Amino acid sequence: MVECKTKFYPNCDGNVWLRSCEVEVTDPLDGLITGEFPSWLQGTLLRNGPGSLKVGSMRFQHLFDSSALLHRFYIHHGHVTYQCRFLQSNTYKKNHAANRIVVAEFGTAAVPDPCHTIFHRIAALFKPGESISDNAMISLYPFGDEIYAFTEGPVIHRIDPVTLDTMERKNLSESVALVNHTSHPHVTSSGDVYNVGMSVVRGRLRHVVVKFPFTEKGDMFAEAHIVASLMPRLSMNPAYMHTFGVTENYFVILEQPLSVSLVGLVKGQLTNQPLSSSLHWYPEQETHIVLLGRKSGKEERRYRTETLFFLHIINCFERDGNVVVDVCAYKDAKVIDAMYIHAIESMQSNADYAEWFRGRPKRLEMSLAAPPLTRVEPKLLADLGCETPRIHYDLHNGRAYRYFYAISSDVDAENPGSIIKVDTVTGETKSWWDKDCYPSEPIFVPSPQAKEEDEGVVLSALVSGADECEVCLLLLDARELRERARAYFRTPSPAPKCLHGWFLPQAVNERLLTL
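Residues numbered from 1 in each chain as written. Predicted model: local features only at pLDDT ≥ 70, side-chain atom pairs only at ≥ 80, totals over all residues. Heavy atoms only, no water.

Named according to an unreviewed UniProt entry, the chain is Carotenoid isomerooxygenase-like originating from Vanessa tameamea. As stated in UniProt under Cofactor (unreviewed entry), the record for the chain gives "Fe(2+)". The heading Sequence similarities (unreviewed entry) in the UniProt record of the chain holds the text "Belongs to the carotenoid oxygenase family." (UniProt positions renumbered as here; feature names shortened; annotations may be inferred.)

Right, here's the structure in full:
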């Protein structure tokens, strides 16, 4: 650990990202409740994120490499319980069987396996689902009545939402020939799921949109098919995509200047190098906004905007002949460098670290009547750093909306551990914070028979900077962002900070238990 006498960010404790869980919580822990959880709030909050940086005497080098740890907060009649378990991916099993890192990750090279010759590694290029890490530590999404853990590789894992057991491994390169996909598919009100990935179409690598149609008793994966495709702007350097957008008539793709070198990707696999070695930032390139028709499946509009990097789109929608795209935007991709473990450890002595995280929520509004490649100037939605944004998803995803919720990304703020609410119409912001508390992605849950967009509560998992074995479930009134309740838990080992998750209402829980 790097010791620093002068701290540039005295209010921010980066060590909350460096924790490694050593003991799983398989039997539910009962929470100590302050305040009151509303009687109508019944269900399960599932979370996913980095769980352990350690494998034997080795350590992962990037936050995105940490072994996936699943969390479960079960809310029932005002009581809350907590569990956590490691995702039993093939990567996790191989690493722990060897007691070292034998599968290359996003930012960590693998120890060479003497049993794997160059011919083995060449053959593995044609089986991305087996050769790329399946450490799905980013997010969780429902496919019908099943819950899956996601990363950006082609493999997803079905988990039991009650026990957190890893139930099944799905290799999407076998069903729709996906080489990779985003960590954030879109789930529609009909139950259909859409995601964007890379696939070989008629002998050429393309960005594709895949539809997984909802079916009551059938297999959503067996019925999966490509509904739209796009040739990359740079054929050998397709844009890196962590999220995409959807509106009533369009799939929204942002082709940013951070690209994946296909040559570098192949070279990295042959030499056990991390996936990040194939990423390249093109500072001279603008960002393109591409609209793919949901009916035509083809590119119908393309616009330009400033050079920017993004991980998360907030929401997209159509209004008055325009398409609106709200995004958490950065001036470059240094935020990825900021998540290397050595960068987190040395952040207090790095005067530039806050600038690496200096993202802002911005709005891009494009006229559907504009000529091709019209340049669009972003509009600032709020002068606050925002990440892991969430909205009233069920009613407003892909539709006009007003509010979003996020966590602060300003490490140099007076209260860097803040939850933020942004009014996209007025620009007004509200925030919640508590000393030495670090919240995760805030998830909005609407009240029964809610009449207003922000009528409901916000749930967030908290960790403490001072107490590494404390984890909490925070409940805020969504309208005023005022704390209404909190459930405290003592864990048997350090509690890492999580990333993304999904809330399952009690009715869904009961249906899952009957399967």
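Having seen the structure, we can now continue with the description.
A.B. asks: Describe the environment of R59, with residues and values.
C.D. replies: Summarising the element assignment, R59 is placed in strand β5 (residues 58–59). A sequence separation of 282 residues divides R59 from I341, and the C-alpha atoms of the two residues are 9.4 Å apart. For R59, the residues in contact, after removing those within four places along its chain, are L53, I101, I341 and E345. Of note is the side chain of R59, whose polar atom sits 2.8 Å from the side chain of E345. (Helix = DSSP H or I, 4+ residues; strand = E, 2+ residues; numbered from the N terminus. Contact = heavy atoms within 4.5 Å. Polar contact = N/O pair within 3.5 Å; in protein donor to acceptor, adjacent residues only side chain to side chain.)

A.B. asks: Before we move on, could you go through unusual backbone geometry and cite the residues and values that matter?
C.D. replies: Despite not being glycine, T388 shows a phi value in the positive range, around 45°. Looking at the element boundaries, T388 is found in strand β28 (residues 386–390). The backbone of D436 sits at a positive phi, close to 65°, despite the residue not being glycine. Within the secondary structure, D436 is located in the loop between β31 (429–433) and β32 (437–439).

A.B. asks: Please give an account of the nonpolar core that cites residues and values.
C.D. replies: Counting residues in hydrophobic clusters, the biggest one holds 77 residues, and the most contacted among them are F143, F212, F309, Y353, F404 and V411. In terms of nonpolar packing, the next biggest core, distinct from the first, is built from 30 residues, I443, A461, A485 and C498 among them. (Core = buried A, V, L, I, M, F, W, Y, C linked by side-chain atoms within 4.5 Å. Buried < 20%, exposed > 50% of the residue type's maximum accessible area, 1.4 Å probe, protein only.)

A.B. asks: Please provide a residue-by-residue account of the pairing of strand β11 (residues 166–171), values included.
C.D. replies: As defined by bridge partners, strand β10 (residues 155–159) adjoins β11 across five bridges and the pair is classed as antiparallel. Bridge assignment links R158 to a residue of β11, and that residue is E168. Linkage of β10 to β11, two consecutive antiparallel strands, is achieved through a turn of six residues, within which L164 is found at a positive phi near 70°. (Pairing = 2+ DSSP bridges.)

A.B. asks: Describe helix α1 (residues 90–98), listing the residues and the values that go with them.
C.D. replies: Within α1, the full set of buried residues consists of T91, Y92 and N95. One face of α1 carries all of its buried residues, which in axial projection span an arc of 100°. For α1, the elements touching its buried residues are β4 (54–55), β6 (67–76) and β7 (79–86). Trailing α1 by a residue or two, N99 shows a phi angle of about 60°, which is positive. (Arc of directions from axis to C-beta.)

A.B. asks: Break down the side chain of D326 for me, with residues and values.
C.D. replies: If you trace the backbone, D326 turns up in strand β24 (residues 322–330). A polar contact of 2.7 Å, which involves the side chain of D326, links it to the side chain of R363. In this structure the side chain of D326 is engaged in a polar contact, spanning 2.5 Å, whose partner is the side chain of Y401. Beyond its immediate stretch of four places on either side in the chain, D326 contacts I313, I314, N315, K362, R363, L381, Y401 and T424.

A.B. asks: Any chance you could break down the packing of aromatic side chains for me, citing the residues and the numbers?
C.D. replies: On inspection of all chains with the given rule, the structure shows 22 aromatic pairs. Judged by centre distance (5.6 Å) and plane angle (40°), the ring pair of Y82 and F489 falls under tilted. Here F489 lies in strand β36 (residues 482–490) and Y82 lies in strand β7, a separation of 407 residues in the sequence. Residue classification places F489 among the buried positions, given a relative accessible area of 1%. Plain terms: the ring middles of Y194 and F251 are 5.4 Å apart, the flat faces sit at 50° to each other, and that makes the pair tilted. Of the two residues, Y194 sits in strand β14 (residues 193–201) while F251 sits in strand β18 (residues 250–255), which places them 57 residues apart along the sequence. For the residue pair Y194 and F251, the accessibility class agrees, reading buried in each case. Members of the aromatic cluster, connected to one another through ring pairs, are Y141, F143, Y148, F150, F212, F221, Y393 and W502. (Phe/Tyr/Trp six-rings, centres within 6.5 Å; stacked < 30°, edge-to-face > 60°.)

A.B. asks: Go over the sheet that holds strand β26 (residues 374–375), please, and point to the residues and values.
C.D. replies: If you trace the five strands from one edge of the open sheet to the other, you get β17-β18-β21-β22-β26, paired in mixed fashion. The open sheet has two edge strands, β17 (245–246) and β26, and neither has a second partner. Where strand β21 (residues 287–293) meets strand β22 (residues 299–305), six bridges bridge the pair, whose relative direction is antiparallel. In the strand pairing of β22, I289 is matched with Y303.

A.B. asks: So what's going on with the sheet that holds strand β30 (residues 418–423)? Residues and values would help.
C.D. replies: Spatially, β28-β29-β30-β31 is the arrangement adopted by the four strands of the open sheet, whose pairing is antiparallel. Edge positions in the sheet fall to β28 and β31, since each of these pairs with one other strand and no more. Sheet twist, expressed as the mean angle between neighbouring strand axes with direction ignored, is 25°. (Axes fitted to C-alpha atoms, helices over the stretch in contact; angles between N-to-C directions.)

A.B. asks: So what's going on with the pairing of strand β34 (residues 456–464)? Which residues, and what values?
C.D. replies: In terms of burial, β34 is largely enclosed, as nine of its nine residues are buried. Taken together, the three bridges between β32 and β34 define a ladder with antiparallel strand orientation. For C437, the partnering residue across the bridge sits in β34 and is S464. Pairing geometry for strand β33 (residues 443–446) and β34, over four bridges, is antiparallel. Bridge pairing in β34 places F444 opposite V458. Sheet topology note: the β34/strand β35 (residues 470–477) ladder contains seven bridges and is antiparallel. Bridge pairing in β35 links V463 to V471. Hairpin connection, β34 to β35: the antiparallel pair is bridged by five residues.

A.B. asks: I'd like a rundown of the environment of A224, residues and numbers included.
C.D. replies: Looking at the secondary structure, you find A224 in the loop between β15 (204–212) and β16 (225–230). Exposure remark for A224: the relative accessible area of 12% places this residue in the buried category. The sequence separation of A224 and P112 amounts to 112 residues, and the corresponding C-alpha distance is 36 Å.

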